[in-house]
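# Breakdown of the fold
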Amino acid sequence: MVEIHNKPKYAATVGFFDGVHTGHLSLIKQLIKAAHNRGLESMVLTFPQHPRQVLNSDYKPLLLTSPEDKICKLRKSGVDRCEQIDFTLELSLMTAKEFMSKILRDRFGVKCLILGHDHHFGHDGLKNLEDYVILGQDNDIEVIRADTHFFDNKAVSSSRIRRKLQKGDVERAGSMLGYSYSIRGKVVHGSKNGHKIGFPTANLGPYCELMQIPANGVYAAIATVGNEQFYSMLNIGVRPTFNNGKTRTIEAHLFDFDRDIYGCDLELRFIKYIRAEHKFNSPLLLKEQLKLDSEIAINILEIYKRDSLSI
């Protein structure tokens, strides 16, 4: 068996990293630099499930990335290693000292720990950097506080991004994420009301039930079917013109598209919010509004394509 002193030593950071947003990437950039300066490898330690789900089975987090997407983004961030730790009840009861010694030092060979601006761990609820520094010294682990990453003079955080999405502000959410927010699922059969008024839609079916869905309304979006991308406008809401009740749907009209994609995977990337959802007095009035919405959406997407050089 290889002795522990022959194993790689790491500079590491620990967190849930939902969204792998610009704040996370700033932290990881600082981690990689700290590792390089100390002759260590860099490692991100994360959890496949939200810790609060273990402590409260009724808790339903609203995620910015699926667990699979999160790991993919972390592994593309430039770190040498990305590891997942199952957040168990036993782990939740560990003190900060126990977590540092048993998990960080003994299990993963951590020699330097980078803490995010709002991160803390341990059942004993330590929050001061000085407390972690002292614990680190006892375990031969250097503890460093990372610089905070700001957007609009406020720290970037997953919760702040969720709040923007809940208001339909997908542009600012995207700026903090570092990419346009997206959701995906299977195309399912709908009521075909859109088809009847000349705007057939692809209805997004079972999507990750824990994903954050943006506010109700109409958006300019980019739809991905297989390896192809299409301009689209989408509506999130309850379709009040057709008395849909309280059932919330996600429907996308793909421009210049006429194909049967029922059962296919569909990804919708949010580019810009256009307007709130309204109840119209007739389907004809809704159709006239959708014509205006489509012109706005296409114009938005053309500008987006020009500015980003590709869709």
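Cut-offs applied
Residue positions within a chain follow its written sequence, with the count starting from 1. Two thresholds apply to this predicted model, a pLDDT of at least 70 for residue-level local features and 80 or more for giving and counting side-chain atom pairs, whereas whole-chain, interface and lining totals are computed over all residues. The side-chain values count all of the structure's non-hydrogen atoms but skip hydrogen atoms and water molecules. By salt bridge we mean one thing: a side-chain nitrogen of Lys or Arg within 4 Å of a carboxyl oxygen of Asp or Glu. By the criteria applied, helices consist of DSSP H or I runs no shorter than four residues and strands consist of E runs no shorter than two, each listed in order from the N terminus. The span expected for a helix works out to 1.5 Å for each residue beyond the first. To sort residues, take the accessible area from a 1.4 Å probe on protein chains only and compare it with the maximum for the residue type: under 20% means buried, over 50% means exposed, and anything in between is partly exposed. Whether two residues are in contact is decided by their heavy atoms: any pair within 4.5 Å suffices. Nonpolar core, defined: a set of buried Ala, Val, Leu, Ile, Met, Phe, Trp, Tyr and Cys residues in which side-chain atoms within 4.5 Å join the residues together. Each aromatic pair joins two rings of Phe, Tyr and Trp (for Trp, the six-membered one) with centres within 6.5 Å, and gets the label stacked for planes under 30 degrees apart, edge-to-face for over 60, and tilted for any other angle. Two thresholds decide whether a charge sits over a ring: the Lys NZ or Arg CZ must be within 6 Å of the ring centre and within 35 degrees of the ring normal.

Before going further, it helps to examine the pattern of salt bridges. Summed over the entire model, instances satisfying the criterion amount to 16 salt bridges. Here Asp 152 makes a salt bridge to Arg 172, at a shortest N to O gap of 3.6 Å. Residue Asp 152 is found in the loop between β6 (150–151) and β7 (154–155), and its partner Arg 172 is found in helix α8 (residues 170–177); the two are separated by 20 residues along the sequence. In this structure, the salt-bridge partner of Lys 186 is Asp 265, at a minimum N-O distance of 3.0 Å.

Let us look at helix α10 (residues 283–308). In an α-helix, one turn spans 3.6 residues; hence positions three or four apart end up facing the same way. Taking 1.5 Å of rise per residue, the 26 residues of α10 would be expected to cover 38 Å, and the 36 Å separating its terminal C-alpha atoms lies within 8% of that figure. Among all positions in α10, only Leu 286, Leu 290, Asp 293, Ser 294, Ala 297, Ile 300 and Leu 301 are buried. Those residues of α10 that are buried are in contact with β10 (217–225), β11 (228–237) and β13 (265–275).

Our next topic: the nonpolar core. In this structure, Met 100, Leu 104, Leu 113, Phe 121 and Leu 268 are the most contacted members of the largest nonpolar core, which totals 58 residues. For this core, the element with the most residues is helix α5 (residues 96–107), which contributes 5 residues. Residues Ala 11, Phe 17, Val 79 and Cys 82 belong to the second largest nonpolar core, which totals 17 residues.

Our focus in this paragraph is the packing of aromatic side chains. Throughout the structure, instances matching the rule amount to 7 aromatic pairs. Arranged with centres 5.4 Å apart and planes meeting at 90 degrees, the rings of Phe 47 and Phe 87 form a pair that is edge-to-face. With Phe 47 in the loop between β2 (41–46) and α2 (51–55) and Phe 87 in the loop between β3 (81–84) and α4 (89–92), this residue pair connects regions lying 40 residues apart in the sequence. Taking relative accessible area as the criterion, Phe 47 reaches 8% and is therefore assigned buried. For the pair Tyr 219 and Phe 270, a centre-to-centre distance of 5.1 Å together with 85 degrees between the ring planes defines the contact as edge-to-face. Of this pair, Tyr 219 sits in strand β10 while Phe 270 sits in strand β13; the two residues are 51 residues apart in sequence, bridging distant segments of the chain. This pair shows no difference in class: Tyr 219 is buried, exactly as Phe 270 is. Aromatic ring contacts, followed pair by pair, group Tyr 181, Tyr 219, Phe 270 and Tyr 273 into a single cluster. Positioned over the ring face of Tyr 59 is Arg 52, at 4.0 Å from the centre of the ring. Directly above the aromatic system of Phe 16 lies the positively charged group of Lys 70, at a separation of 3.9 Å from the ring centroid.

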